[in-house]
Amino acid sequence: FAVSATVSTIRPLGSGLINDTYLVVTEEKDQPDYVLQRINHEVFPDVDMVMRNIAIVTRHIRERLIAQGETDLRHHVLEFLPTVEDANRLYAEVDGHYWRLMVFIDHAVTKQEVNPESAHAAGQSFGHFQAMLADVPCQLGETIKDFHNMEFRIEQLKQACVEDRAGRFDEPAVQELLEQLGKRAEAMTEAERLGREGKLPKRVCHCDTKVNNMLFSEDGSEVLCVIDLDTVMPSFIFSDYGDFLRTAASTAAEDEPDFSKIQFRQDVFQAFTKGYLASARSFLTPLEIQMLPYAVVLFPYMQSVRFLWDYLNGDGYWKVQYPTHNLVRAQNQFELVKRVEEAMPAIKAFINSQLN
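Residues numbered from 1 in each chain as written. Predicted model: local features only at pLDDT ≥ 70, side-chain atom pairs only at ≥ 80, totals over all residues. Heavy atoms only, no water.

**Student:** Sorry, what's going on with the overall build of the chain here?
**Tutor:** The helix and strand inventory of the chain stands at ten helices and ten strands. Along the three orthogonal principal directions, the C-alpha set of the chain runs to about 65 × 50 × 40 Å. With 356 residues in all, the chain has 51% of them scored as buried. When contacts within the chain are restricted to residue pairs at least 6 apart in sequence, those whose partners lie at least 24 apart make up 73%. For the chain, the exposed area adds up to about 16800 Å²; of that, 49% sits on carbon and sulfur atoms. Positive and negative charge centroids in the chain, built from 35 and 53 side chains respectively, lie 4 Å apart. (Helix = DSSP H or I, 4+ residues; strand = E, 2+ residues; numbered from the N terminus. Buried < 20%, exposed > 50% of the residue type's maximum accessible area, 1.4 Å probe, protein only. Contact = heavy atoms within 4.5 Å. Areas by Shrake-Rupley, 256 points an atom, 1.4 Å probe, with all protein chains shown as cover. Lys, Arg positive; Asp, Glu negative; His and termini not counted. Charge placed at Lys NZ, Arg CZ, Asp CG, Glu CD.)

So this is what it looks like as C-alpha cells:
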C-alpha cells in the first residue's frame, strides 16, 4: 500500500468475528497509524464489489462533510489507502488472501453496552448515515445476496422442510414453530411486494447496525463516525432500523433458553427511534415511516426463520454448543416476535408522537 511512514510494529486489534484486524504503528509522530485487515472472502466472496461500495460511500460522505464545513475529516469518515500498483484499487490480493489498509482513527472508542443513551446516539448516527447517502447517484452491489430478503428466507425454510437433511422436521417443537411462522408469512413479506410495485424504494443501508459499529470521542459525548462498512448495500430502510432493535431492545441474548427472560425494552426502542427519526425523517417517505412498526417485528421473525432453517439443515451455518441450540435460538426469536406484537399499540403510538 502507498504508505510513506515507517512501520514499527503490527499487532492484533479488536475481537471481530469476520475479518482479521491488526494495528499498524508508525514511527513518525506526524504520520498516522493504520488498520490492516484481511477480508473474509468466504463471507464476502466478491471483494471487488465490497471495496467498490465502500469507496463510493466514503467518497460521498467526505464530499457531504466538506460541503457542511467539516474540517476534521480524519475522525468522521473512514479513509482507505490505494495499492502502490494501482491508485484506484483499495485492496491487495496476496497468496489468495485479500487485504486492505485504512487510516487509524485515534482518540476514539467503541461502546458495547446498550442503554437509552447509546441507543439514542445509534439512532441519530445510523439515521444520519442513511441521510448523507440518500442521494448517492450510482447503484451499489449486494455484498451478501438476498441478505434481508424475507421472501427468500421463507423459501429457504420451505426447501429445508422438504429436504429434511437432519431428520428433524417431524419434531413437535419444529411443527409448532413452523405453524406460527406460517401464519405470519404473508404479512412479513409485505416489503418485497411493495418494492415490486414501486411503492417502497431501496436505499443505501449499513445492514449491520450495532452500537459497537460506531466510533465515539474519548469522553463518549460525540459519535465520530460509522464503521464496519462491508455490508453497506441497497436495502429497505428497515434493515438499519429493525435489525438494531432486534438485539438492542431485547432483555435476553438470542440463545437464552429461559424464554420468560425475554421482554421488549421500550426505553431502548423509544431512545433509538427518537434519534433515528431526528436524523432520517428528512428523506423518509410517508410509507417508510408508516411501516417502521412492521420493521420492529420483521427482524426477530426473520432471524427465527433463519435459525430454524439452519436447525433443519443440520446446523451448518451457525456454530452450536448443543444439539438443539439453533432450535432454541429460533424459539427465542419467535418469543421476541410475540413480545413485540404485544407492545405494538405502544410502538405505533410513540412513533406517531415523534411526527407531531
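Now, onward.
**Student:** How do you make sense of the pattern of salt bridges when you look at a structure like this?
**Tutor:** Under the criterion given, the structure shown has 20 salt bridges. In this structure, glutamate 155 and lysine 158 form a salt bridge, with 3.5 Å as the shortest nitrogen-oxygen distance. Of this pair, glutamate 155 and lysine 158 both sit in helix 3 (residues 150-163), three residues apart, which is roughly one turn of that helix. Members of the salt-bridge network, linked through shared partners, are Glu335, Lys338, Arg339 and Glu342. (Salt bridge = Lys/Arg side-chain N within 4 Å of Asp/Glu carboxyl O.)

**Student:** Whenever I open this one, the pairing of strand 3 (residues 34-39) confuses me. Can you help?
**Tutor:** In the case of a regular strand, side chains alternate between the two sheet surfaces. Along strand 3, five of the six residues are buried, which leaves the element largely enclosed by surrounding structure. The sheet contact formed by strand 3 and strand 5 (residues 97-103) spans six bridges and is antiparallel. Each bridged residue has a counterpart across the sheet, and for isoleucine 39 the counterpart in strand 5 is tyrosine 98. (Pairing = 2+ DSSP bridges.)

**Student:** Sorry, what's going on with the side chain of glutamate 288 here?
**Tutor:** Considering the arrangement of structural elements, one finds glutamate 288 in helix 8 (residues 286-290). Its relative accessible area of 0% is what places glutamate 288 among the buried residues. Beyond its immediate stretch of four places on either side in the chain, glutamate 288 contacts Leu200, Pro201, Arg203, Ile237, Phe238 and Phe283.

**Student:** I'm lost on the packing of helix 6 (residues 238-248) against helix 9 (residues 292-313) in this one. Help?
**Tutor:** How two helices sit against one another is set out by the angle between their axes and by the gap between those axes. At a minimum axis distance of 8 Å, the contact between helix 6 and helix 9 shows a crossing angle of 65°. Helix 6 and helix 9 meet at a crossing whose hand is right-handed. Between helix 6, through Phe238, Ser239, Tyr241, Gly242, Asp243, Leu245 and Arg246, and helix 9, the contact on the second element is made entirely by Leu292, Tyr294, Ala295, Val296, Phe299, Pro300 and Gln303. By residue class, the composition of the contact of helix 6 with helix 9 is nine nonpolar, three polar and two charged. (Axes fitted to C-alpha atoms, helices over the stretch in contact; angles between N-to-C directions. Left-handed = near helix turned anticlockwise from the far one by under 90°. Nonpolar A, V, L, I, M, F, W, Y, C, P; charged D, E, K, R; others polar.)

**Student:** Where do I start with the sheet that holds strand 8 (residues 214-217) in this structure?
**Tutor:** Strands belonging to one sheet form pairs held by backbone hydrogen bonds; the direction of such a pair is parallel or antiparallel. Taken together, three strands build an open sheet; the order of strands is 6-8-9 and the sheet is antiparallel. This sheet does not close on itself; its edge strands, each paired only once, are strand 6 (108-109) and strand 9 (223-226). Pairing analysis gives three bridges linking strand 8 to strand 9, with the strands arranged antiparallel. Counted as the bridge partner of phenylalanine 216 is valine 223 from strand 9.

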